[in-house]
Amino acid sequence: MVSAGNLTFVDGSPRLTGQYSGFDTNAIVEATILGKRVPAVRMESTISNNKVQTAAYNQLNTLLSSLQSSLNGLRNPPGFSNLDKNIFENKSGFLTSSSTTPATNLLGVSTQNSAATGVYEVEILQLATANKISTGVVTDSSAAQGITDTITVGLSGGTTKDISITSDMSLSEIAEAINGVKSDTGVRASIVKVTDNDFRLVMTAEETGKAITLSGAGNFLSTYGDGSVLTELEAANKAQIKVDGIATVIERDSNNLDDVIDGVTLQLFKAEVGTTIKVEIDNNLGATKEAIDLFVNNYNSLRDFVTEQRNYDPTGGDSTKPALYGDDILRGIERTLSSIVSSGASGVEGNVSNTLGLIGISLDQSNKLIINDKELDEALVNDLDGVRSVFEFKFEPDDTRLQLISRNKEFTVNDFELVIDGIDGDGKITGASVTGYGNVFDVNGNSLVGKEGTAFEGVVMAFIGTPGSGAQTIQVNTSYGIAEDFYQKIEGYIAPGSGNISTRLVEIEDESKDLNEKITALDARLELTKQFLVEKYSKLEQALAQADAMRKQLEAMSNANNK
């Protein structure tokens, strides 16, 4: 038997170390493979860096999204449906009582942004109440009542339902039958235990101000009432108020009155004849300042991230290069946002405020925003329109029949002249153009839709003109506040699928995927090379072993012949 070296197994594969060659063939094979795998190591390093960069981009995207979100209410969000999101239109109601009774004990108020500022006086004469009726005394609520009837239940002016009552039904079962259709009738039933031998079935209207209607052809009403009605515990009263001294009493079915003052809901808590509650509707300056604070905080968080990514000293031995150091997207964001802060709003005319500095917001030495609370408070109280002009997008035509319906792109045409060619007999626009820009709108009925590729792309306006009228010219003034500018610029970076960051993330993901495929292919080739080298060195050791065996045999034969 020929010994050819030491046979071992590494990862399940046989290894023959060099007893005869003197070489560590395992080390030679591993070194060879490691040398050939250097490209894969470099690709793995790139993938690792890509993961770090992806995390940094995602963090940047989150910071930008938070900043954009905090700006939406400050930018005058487009469309009529977004009026309630405009923080400058947010209103609050302030209450003052004419008597010693606290106003909040009598009345509550909530407002929509559409509410007009103003002062109103409210006197609560009567609260709306829910109708309640009751049966007479029943000694056992679980015993069969012996009543046969079909009763019809509902609320005045509402849906009614027929309920069949059989002689074996108990009072509790009758209540269950009534409750089985309460979603339709608006009437619920309950069993009230007065004493051990005194039970009553109480029917309650689920809406105030509406009477319960109850009828039957059998013996239900004669058994539990006077033959025509049950005992009334509480009448169905309507709410009654007076507003601003108007003699006519205002009546409503509910204690929540949302149609007396536009955009205002009055919640009646208690009636007190003779007490007048002053309701003052005014701008909610506290909410506006909170929104500005949030914008400043989010902007500063973004600045902190930019500083963190920018600070790197290549000569520092312990310094780690940030993931986005020198990144073109980050540099673009920093330049863009810094420019907006320093330049302020555009298109603002006259002596109206147009920069953050004029309303008490400035930059510190690290380029972070700081608020002078006293100056900002004074600006909000004394110059709210000026504060709005710093932040908002404004659209002001000299003809109120022209309305801006929506905008979904950056729109920086400060002032323009819209020419309406005419209005046909059906009220549709026959054509339109903008002086100096030409035919930039597609006409659709009474809507003007900005054409793609023009300065008006993304803009939709509506003009409700007089049918059959001729050409007319409308002057439009616009201004572009920093909130709108920030919002649109940020959108260019974070928009899913098209923003710079989302595009870069896709590129990084594709690169890592491609590199992983290349690594897999290279490792597969190296595995074949490894097997080839193992077999090659194994054969070498076997050849050396055989040669050594022949040498020893020849030596033995020579020694034998010399004896």
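In what follows, the structure referred to is the one given above.
Residues numbered from 1 in each chain as written. Predicted model: local features only at pLDDT ≥ 70, side-chain atom pairs only at ≥ 80, totals over all residues. Heavy atoms only, no water.

Colleague: Provide a residue-level description of empty space enclosed by the protein, including the pertinent values.
Modeller: Under the definition given, this model contains two cavities of 30 Å³ or more. Within this model, the largest cavity holds a volume of roughly 40 Å³. Y299, L302, R303, V306, I333, E334, L337 and S338 are the residues that line the largest cavity. Looking at side-chain class alone, the lining of the largest cavity contains five nonpolar, one polar and two charged residues. (1 Å grid on protein atoms, 1.4 Å probe; cavity = no way out; pocket = protein on both sides within 12 Å on 5 of 7 lines; lining within 4 Å. Points joined across faces, edges and corners; volume = space filled by probe spheres on them. Nonpolar A, V, L, I, M, F, W, Y, C, P; charged D, E, K, R; others polar.)

Colleague: Account for the pairing of strand β9 (residues 187-195), naming residues and giving values.
Modeller: As defined by bridge partners, β9 adjoins strand β10 (residues 198-205) across eight bridges and the pair is classed as antiparallel. Within β10, the position partnered with T195 by the bridge is D198. The turn linking β9 back onto β10 is made up of two residues. (Pairing = 2+ DSSP bridges. Helix = DSSP H or I, 4+ residues; strand = E, 2+ residues; numbered from the N terminus.)

Colleague: Outline the packing of aromatic side chains, supporting the account with residue identities and numerical values.
Modeller: Across all of its chains, the model carries 14 aromatic pairs by this definition. Arranged with centres 5.9 Å apart and planes meeting at 70°, the rings of Y299 and F486 form a pair that is edge-to-face. Of this pair, Y299 sits in helix α7 (residues 285-310) while F486 sits in helix α11 (residues 482-494), and the two are 187 residues apart along the sequence. There is no split in this pair, since Y299 and F486 are both buried. Ring centres 5.3 Å apart and planes at 55° place the aromatic pair F411 and F456 in the tilted group. Here F411 is found in the loop between β21 (402-407) and β22 (415-423), whereas its partner F456 is found in the loop between β25 (447-450) and β26 (459-463), with 45 residues between them in sequence. (Phe/Tyr/Trp six-rings, centres within 6.5 Å; stacked < 30°, edge-to-face > 60°. Buried < 20%, exposed > 50% of the residue type's maximum accessible area, 1.4 Å probe, protein only.)

Colleague: Lay out the pattern of salt bridges with the relevant residues and their values.
Modeller: Enumeration according to the criterion identifies 27 salt bridges in this entry. Between E89 and K91 there is a salt bridge, with its nearest N and O atoms 3.2 Å apart. With a shortest N-O distance of 2.9 Å, R252 and D259 are connected by a salt bridge. Relative accessible area serves as the criterion here: at 28%, R252 is assigned to the partly exposed category. Exposure remark for D259: the relative accessible area of 45% places this residue in the partly exposed category. (Salt bridge = Lys/Arg side-chain N within 4 Å of Asp/Glu carboxyl O.)

Colleague: Describe the side chain of S512, with residues and values.
Modeller: Here S512 is to be found in helix α12 (residues 500-561). Given a relative accessible area of 12%, S512 falls into the buried group. The contact partners of S512, leaving out residues within four places of it in the chain, are I47 and N50. (Contact = heavy atoms within 4.5 Å.)

Colleague: Residue-level account of the layout of surface pockets, with values.
Modeller: Size it by volume and the largest pocket reaches roughly 480 Å³. Those elements that place two or more of their residues in the lining of the largest pocket are β20 (393-397) and β21. For the lining of the largest pocket, the leading source of residues is β20, giving five residues. In terms of lining, the second largest pocket is formed by G347, V348, E349, V352, S389, K394, E396, D415, N477, T478 and S479. Here the lining of the second largest pocket takes three residues from strand β27 (residues 472-480), the largest share from any one element.

Colleague: Lay out the sheet that holds strand β13 (residues 239-243) in plain terms, naming residues and giving numbers.
Modeller: The strand order across the open sheet built from five strands is β3-β17-β5-β13-β14, with neighbouring strands paired in antiparallel fashion. Every interior strand has two partners, whereas the edge strands, β3 (91-97) and β14 (250-252), have only one. Across this sheet, the average inter-strand angle for adjacent strands is 30°, counted without regard to direction. Pairing geometry for β13 and β14, over three bridges, is antiparallel. By the bridge assignment, A239 is partnered in β14 with R252. (Axes fitted to C-alpha atoms, helices over the stretch in contact; angles between N-to-C directions.)

Colleague: Outline unusual backbone geometry, listing residues and values.
Modeller: Located in the positive-phi region is N76, a residue other than glycine, with phi close to 65°. You can see N76 is positioned in the loop between α2 (38-72) and β3. By relative accessible area, N76 is classed as partly exposed at 23%. A positive phi angle, near 65°, is found at N367, a position not held by glycine.

Colleague: Provide a residue-level description of helix α9 (residues 373-382), including the pertinent values.
Modeller: Turning to α9, its buried residues are L376, A379 and L380. Along the axis of α9, the buried residues cluster in a sector spanning 95°; they form a single face. Turned more than 90 degrees from where α9 packs its buried face, K374, V381 and N382 sit exposed. (Arc of directions from axis to C-beta.)

Colleague: Outline the pairing of strand β24 (residues 441-444), listing residues and values.
Modeller: Taken together, the four bridges between β24 and β25 define a ladder with antiparallel strand orientation. In the strand pairing of β25, D442 is matched with V449. The turn joining β24 and β25, which pair antiparallel and follow one another in sequence, is formed by two residues; a positive phi near 70° is taken by G445.

Colleague: Go over the side chain of R407 with me, naming the residues and quoting the values.
Modeller: Structurally, the position occupied by R407 is in strand β21. Among the residues examined, R407 registers a relative accessible area of 5% and is labelled buried. Side-chain polar atoms of R407 contact the side chain of E484, separated by 3.0 Å. When residues no more than four places from it in sequence are discounted, the contact partners of R407 are R75, N76, P77, P78, F393, G458, V459 and E484. (Polar contact = N/O pair within 3.5 Å; in protein donor to acceptor, adjacent residues only side chain to side chain.)

Colleague: Residue-level account of the environment of S338, with values.
Modeller: Examined against the element boundaries, S338 turns out to sit in helix α8 (residues 328-343). On the accessibility criterion, S338 (27% relative accessible area) is partly exposed. Residues S338 and G431, spaced 93 residues apart in sequence, show a C-alpha to C-alpha distance of 41 Å. Setting aside chain neighbours within four positions, we find S338 in contact with Y299 and R303.

Colleague: Help me get a handle on the nonpolar core, residues and values and all.
Modeller: L60, L64, F295, L337 and F391 are the most contacted members of the largest nonpolar core, which totals 46 residues. Within the residue set of this core, elements represented by two or more residues are α2, α7, α8, α9, α10 (384-391), α11 and α12. Ranked by residues supplied to this core, first place goes to α7 with nine residues. Excluding anything up to four places from it in sequence, L337 contacts L64, L67, Y299, L302, F486 and I490. I147, V153, I163 and I174 belong to the second-largest nonpolar core, a separate cluster that totals 26 residues. (Core = buried A, V, L, I, M, F, W, Y, C linked by side-chain atoms within 4.5 Å.)

Colleague: Which residues make up helix α4 (residues 171-179), and what are the values?
Modeller: L171, I174, A175 and I178 are the residues of α4 that are buried. What you see down the axis of α4 is that its buried residues fit within an arc of 100°, all on one side. Among the structural elements, β8 (160-165), α5 (182-185), β9, β10 and α6 (220-224) are those in contact with the buried residues of α4.

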